[in-house]
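Descriptive structure summary
These are the residues of each chain, in order.
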Amino acid sequence: MKTLVTANQKGGVGKTATLVHLAFDFAERGFRVVVIDLDTQANASYTLGAYKCGVSASSLLTNAKVDCSLLPSTGLVLIESDAALANMEKMTLSDAGMNFKSAISELSSVGFDICLIDTAPSLGVTMGAALFASDFVLSPIELEAYSIQGIKRMVTTIANIRKANKNLKFLGMVPSKVDKRNPRHLRHLQELTHAYPTLMTPEGIVIGLRSSIADALASRTPVWKIKKTTARVAAKEVRALAAHVLNQMEIG
């Protein structure tokens, strides 16, 4: 099983929208996918509510005994956010990280192909545990000043976690909510590509500012099932990102 976490220390950047659509895409390709929602806002849990399995995300951090053999054997499975996640900050990163890594191993042992983890937009125990246990990290970013200011913190965080998890690979920052008619967005994209040439997703892998994506999340469905012209464009962008991520994760 390959494990990917979406992480950014700035909220509202399209992190959950990206993760949810990767989950839908991967499941449609025939992979057995488990999504773990570690964000107390529970947005991923709302959109993927039809796939919940009765296991709470906090239980994976507290060493609670979870019988993974009882989870559905096919398709998409959600391990949902729960109120107890707010108490995880009282744990040490070492304890939470080891417990979570053990839980990830259990999920792998029952046959999941891909594990996708959504995190809260702040550096805390839950994000640290997710990065400690994962193989890959992807950071959606918004091309606005506040989001860009947080990039250095995110890159530093990943570098620090890699001291404990040497297998963690950064798949890059993917521009999200991009308005190509906005000169500021185009300027920021150019500046970021120049400043971080090896840390950005390849040129052309961007997610535009599309109302159809918000419609899809609210309707608990992937954007390619929304009947709008902009939805078709958004679907192509999301599918391109999913193909890129699968290639980088070496999942054929």
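Not measured: the values here are computed from a predicted model.

In this section: unusual backbone geometry. Both trends apply: most residues other than glycine have a negative phi, and most peptide bonds are in trans. For Arg220, which is not glycine, the phi dihedral falls at a positive 60°. Structurally, the position occupied by Arg220 is in the loop between α8 (211-218) and α9 (229-248). Relative accessible area serves as the criterion here: at 43%, Arg220 is assigned to the partly exposed category. Even without a glycine there, the phi angle at Glu250 is positive, about 55°. Residue classification places Glu250 among the exposed positions, given a relative accessible area of 68%.

Mapped onto the elements of the fold, Ser122 is located in the loop between β5 (114-118) and α4 (125-133). For Ser122, a relative accessible area of 39% puts it in the partly exposed group. Here the alpha-carbon distance between Ser122 and Lys10, two residues 112 residues apart in the chain, equals 6.9 Å. Setting aside residues up to four positions removed in sequence, Ser122 forms contacts with Asn8, Gln9 and Met127.

Its place among the elements puts His244 in helix α9. Apart from residues lying up to four places away in sequence, His244 is in contact with Leu171, Thr201, Pro202 and Ile205.

Let's shift gears to the environment of Asn165. If you trace the backbone, Asn165 turns up in the loop between α6 (151-161) and β7 (169-176). When the C-alpha atoms of Asn165 and Thr230 are compared, they prove to be 40 Å apart, with 65 residues separating the residues in sequence. Not counting the four nearest positions on each side in its chain, Asn165 is found in contact with Leu131, Phe132, Ala133 and Ser134.

Within α6, the full set of buried residues consists of Ile151, Met154, Thr157, Ile158 and Ile161. Looking straight down α6, one finds that the buried residues subtend no more than 125° of arc, so they occupy a single side. Where α6 is buried, its residues meet α4, β6 (136-142), α5 (145-149), β7 and α7 (183-195).

As a further point, take the side chain of His185. With respect to the helices, strands and loops of the structure, His185 is situated in helix α7. Owing to a relative accessible area of 4%, His185 belongs among the buried residues under this scheme. Ignoring any residue separated from it by four or fewer positions in sequence, one finds His185 in contact with Leu143, Glu144, Lys177, Val178 and Asp179.

The next point concerns α4. Counted residue by residue, α4 has nine buried out of nine residues, so it is predominantly covered. Those residues of α4 that fall on the buried side of the exposure criterion are Val125, Thr126, Met127, Gly128, Ala129, Ala130, Leu131, Phe132 and Ala133. Elements in contact with the buried residues of α4: β1 (2-6), α3 (93-109), β5, β6 and α6.

Our next topic: the packing of aromatic side chains. In this structure the tally under the stated criterion is one aromatic pair. Ring centres of Phe24 and Tyr51 lie 6.4 Å apart, and the angle between their planes is 70°; this geometry places the pair in the edge-to-face category. Of this pair, Phe24 sits in helix α1 (residues 15-28) while Tyr51 sits in the loop between α2 (43-47) and β3 (52-56); the two residues are 27 residues apart in sequence, bridging distant segments of the chain. Here Arg32 stacks its cationic end above the ring of Phe112, 3.9 Å away from the centre of that ring. Geometry around Trp224 places Arg239 over its ring, the cationic atom sitting 3.6 Å from the centre.

Examined against the element boundaries, Met98 turns out to sit in helix α3. By relative accessible area, which is 47% here, Met98 ends up partly exposed.

What counts and what doesn't
Residues numbered from 1 in each chain as written. Predicted model: local features only at pLDDT ≥ 70, side-chain atom pairs only at ≥ 80, totals over all residues. Heavy atoms only, no water. Helix = DSSP H or I, 4+ residues; strand = E, 2+ residues; numbered from the N terminus. Buried < 20%, exposed > 50% of the residue type's maximum accessible area, 1.4 Å probe, protein only. Contact = heavy atoms within 4.5 Å. Arc of directions from axis to C-beta. Phe/Tyr/Trp six-rings, centres within 6.5 Å; stacked < 30°, edge-to-face > 60°. Lys NZ or Arg CZ within 6 Å of the ring centre and 35° of its normal.

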